[in-house]
Amino acid sequence: MHSIDQILGELQRFGWLDYVAIAAMFLVCIVIGIYFGFMNKSVSENDYMLGGRKMLVVPIAFSLVASFISGITLLGLPTEVYSYGTQYLYVAFGVLGMGIVMGVFYLPVFHDLNITSTYEYLELRFDRRLRMYGSVMFVIMNIAFLPIVIYVPALAFNQVTGVAVHTITPIVCIICVFYTSMGGLKAVIWTDVVQAVSMVGALILVAVKGSMDIGGFNVVIERAWHSNRLEAPDLSIDPTVRHTFWCLFVGGIFYWTQTNAVSQNMIQRYLALPTLRDARKALCFFCAGVLILMALCGYNGLLIYATYQNCDPLTTKLAKARDQLLPLFVMDTLGELPGMTGLFIAGVFSAALSSLSTCLNSMSAVVLEDFVKPYVKQPLSNRASTWIMRLVVVGVGVVCVGLVYVVQHMGTVLQLTMSLESITNGPLFGIFTLGILLPWINGNSAMLGGIVGVVAMSWVSLNAQWAIASGAISYQTKPLSVDHCDYTFDVANLVTSAANASHSTGQATDDIFPLYRISYMWYTCLGSLITIIVALLSSLVFGTNDPNSIDPTLLTPCIRKFFRFNARKSTDTFNADIFLQNKLRSDEVAL
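Reading guide: rules and limits
Residues numbered from 1 in each chain as written. Predicted model: local features only at pLDDT ≥ 70, side-chain atom pairs only at ≥ 80, totals over all residues. Heavy atoms only, no water. Helix = DSSP H or I, 4+ residues; strand = E, 2+ residues; numbered from the N terminus. Buried < 20%, exposed > 50% of the residue type's maximum accessible area, 1.4 Å probe, protein only. Polar contact = N/O pair within 3.5 Å; in protein donor to acceptor, adjacent residues only side chain to side chain. Contact = heavy atoms within 4.5 Å. Disulfide = S-S within 2.5 Å. Salt bridge = Lys/Arg side-chain N within 4 Å of Asp/Glu carboxyl O. Core = buried A, V, L, I, M, F, W, Y, C linked by side-chain atoms within 4.5 Å. Expected span 1.5 Å × (residues − 1). Phe/Tyr/Trp six-rings, centres within 6.5 Å; stacked < 30°, edge-to-face > 60°.

Trainee: Explain the side chain of Asn260 here, please?
Mentor: Structurally, Asn260 can be placed in helix 11 (residues 245-262). Overall, Asn260 belongs to the buried group, its relative accessible area being 0%. Polar side-chain contacts of Asn260 include one of 3.0 Å to the side chain of Tyr270. If sequence neighbours within four positions are ignored, Asn260 has contacts with Met98, Met102, Met266, Ile267, Tyr270, Leu283 and Phe286.

Next up, the structure:
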């Protein structure tokens, strides 16, 4: 029988057509950057950051989907379903819940204010300290998140070609930095459209060819059913269970609403649309697109199991990392067709580039609006603003390439990302929710709530990740077999791993602090609730606002009718560009 190294050598049939497919995708992105950077270039700061607020619904919807479904999801979700079953896919109900919550409560506020950075809202509603707090949290989280985004496609490329991860990451970053810095939001949006089509095409290609190879859709479902990977919702209320319907639905609403409604990365796209009605349309298209892509990723996970049910490549180490499972399957399935593996890898790179460009563009907007403009005495010219944003994009890109070395030693990217994001995302979401829904909460209470929330979630999340990385916490996978492998592998290592897994499971039950064992899907919810509860309690010390003195445009429309606002709010706002006035809006009447 062949060894693992021989099998990998045979599978790595990455030919010139595959390289052409990847190069073509990169070239399209570069051309779009050149077009919007030199031929149809932005004439103002507003044009560079928000496309002049005249973008169309369909491209924005494509961009939202492409930006959110990064390579982390594209590679992580099939591995999740392969290892643990379909329980995670019930997060779809959380996505639908997010669409309702965001469209009714959050989107009207941000869109009506006509702001560029969402953290401007915190200054208008509370004070400058909260704006700075939100901006700093955003910058920290993005710098931690972006290396993971870059690392994932490089991991896939390494699996199919053998090229080192740290060879490809600088290339990807340079291309993304180029078209993002040159073309601004317009270039990001239109490259996202190309990348979204590439992503969907790659997933469909894998699903169709893989299903044909093993006998069709029915075989995939039958094998998934017999291995208990097709699951009914787990209605357990135990918060330490990794995935239950309740943590996926309730926790999913908190996680997805924060990421989509409050984060600058996503809200900047909604603000690029001319009307609230258009923004809500884009939100509906976004939800539909995400559900379709999640369904495709989930099906591919079941398809991988149906193919490898008798020889698990993760156990044998044919796939050296969990998130190399889908690329391995692609090599096995599409490798005999010239150019097809390249198309798939182009899809993975597309997912990564769209998320990376989104974050870089948003970072440039936040740094300019929240860290530069408030502290310069003279207004910046359009030229100066544009160059500041371009330098931010370049600088952040360089930092993230260096941080890839750190990410390489972390665990499964899907859970890792959601866990680390919650450190800042939960408290930030809590602060925005306080501002939008609770007009009597003042800046001191919100600030204390945010600080306590970050400290608490850092303690929980980092300790939980340490326990997982050290093997103290492990999760039982669905049945996996190596009984009928047609190649040799290290059996002694397999026995050792099984013994360690058994020991780790026992230790998690007896010794690990219960709060560290709660599902990562609850993290954003927990961080938000800690922030809100601490702010409410601290209002007994710091006092409260007079709700009627708050400008109603800073509150969600459906609660404005419960207060009698002053005819005109006398307040010193730090942003003279934002004009607020008391007016009854059509969406307020509808609610």
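Trainee: Any chance you could explain the environment of Ile4 here in plain terms?
Mentor: Residue placement: Ile4 occurs in helix 1 (residues 4-11). Each C-alpha atom, one on Ile4 and one on Ala319, is 9.6 Å from the other, the two residues being 315 residues apart in sequence. What Ile4 contacts, discounting residues up to four positions off in sequence, is Thr316, Lys317, Leu318, Tyr487, Thr488 and Phe489.

Trainee: What exactly am I supposed to notice about unusual backbone geometry here?
Mentor: Backbone phi values are negative for most residues with the exception of glycine, while trans is the configuration of most peptide bonds. Residue Asn228 is not a glycine yet carries a positive backbone phi of 65 degrees. On the basis of relative accessibility, which here comes to 48%, the residue Asn228 falls in the partly exposed class. The phi torsion at Lys317 lies on the positive side, around 70 degrees, for a residue other than glycine. The residue Lys317 is located in the loop between helix 14 (313-316) and helix 15 (325-334) in this model.

Trainee: Explain the state of the cysteines to me, please; I cannot follow it from the model alone.
Mentor: Where two cysteines share a covalent bond between their sulfur atoms, that bond is called a disulfide. Applying the stated criterion across every chain, the model contains one disulfide. Looking at Cys284, it has no disulfide partner, and the nearest cysteine sulfur is the one in Cys287, 6.7 Å off.

Trainee: Would you explain the pattern of salt bridges in this entry?
Mentor: According to the stated counting rule, one finds eight salt bridges in the structure shown. A salt bridge links Asp370 to Arg131; the shortest N-O distance between them is 2.6 Å. On the criterion of sequence distance, the pair formed by Asp370 in helix 16 (residues 340-372) and Arg131 in helix 8 (residues 128-161) is long-range, its members being 239 residues apart. You can call Arg131 buried: its relative accessible area is 5%. Close ionic contact of Lys373 with Glu369 constitutes a salt bridge, the shortest N to O distance being 3.1 Å. For Glu369, a relative accessible area of 6% gives the class buried.

Trainee: What exactly am I supposed to notice about the nonpolar core here?
Mentor: Grouped burial of nonpolar side chains is what soluble globular proteins tend to show. Tyr121, Trp256, Tyr270 and Phe286 are the most contacted members of the largest nonpolar core, which has 182 residues in total. Considering every element that reaches this core, the biggest residue donor is helix 13 (residues 276-308), with 18 residues. Setting aside chain neighbours within four positions, we find Phe286 in contact with Leu64, Val65, Phe68, Met98, Trp256, Asn260, Met266 and Tyr270.

Trainee: When you look at helix 4 (residues 57-68) in this model, what are you seeing that I'm missing?
Mentor: Quick reminder: α-helices carry 3.6 residues per turn. Residues three or four places apart thus point the same way. The end-to-end C-alpha distance of helix 4, which contains 12 residues, comes to 17 Å, matching closely the 16 Å that a straight helix rising 1.5 Å per residue would cover. Along helix 4, the positions that sit buried rather than exposed are Val57, Pro59, Ile60, Ala61, Ser63, Leu64, Val65, Ala66, Ser67 and Phe68.

Trainee: Could you clarify how one ought to interpret the packing of aromatic side chains in this entry?
Mentor: The description of two aromatic rings rests on the distance between their centres and on the angle between their planes. Scanning the model with the defined rule gives 19 aromatic pairs in all. Centroid distance Phe93 to Phe245: 5.6 Å. Interplanar angle 65 degrees. Geometry classified as edge-to-face. Residue Phe93 is located in helix 6 (residues 91-113), and its partner Phe245 is located in helix 11; the two are separated by 152 residues in the primary sequence. For the ring pair Tyr308 and Phe329, a centre distance of 6.2 Å and an interplane angle of 85 degrees mean the geometry is edge-to-face. Residue Tyr308 is located in helix 13, and its partner Phe329 is located in helix 15; the two are separated by 21 residues in the primary sequence. Taken as a pair, Tyr308 and Phe329 share a single burial class, namely buried.

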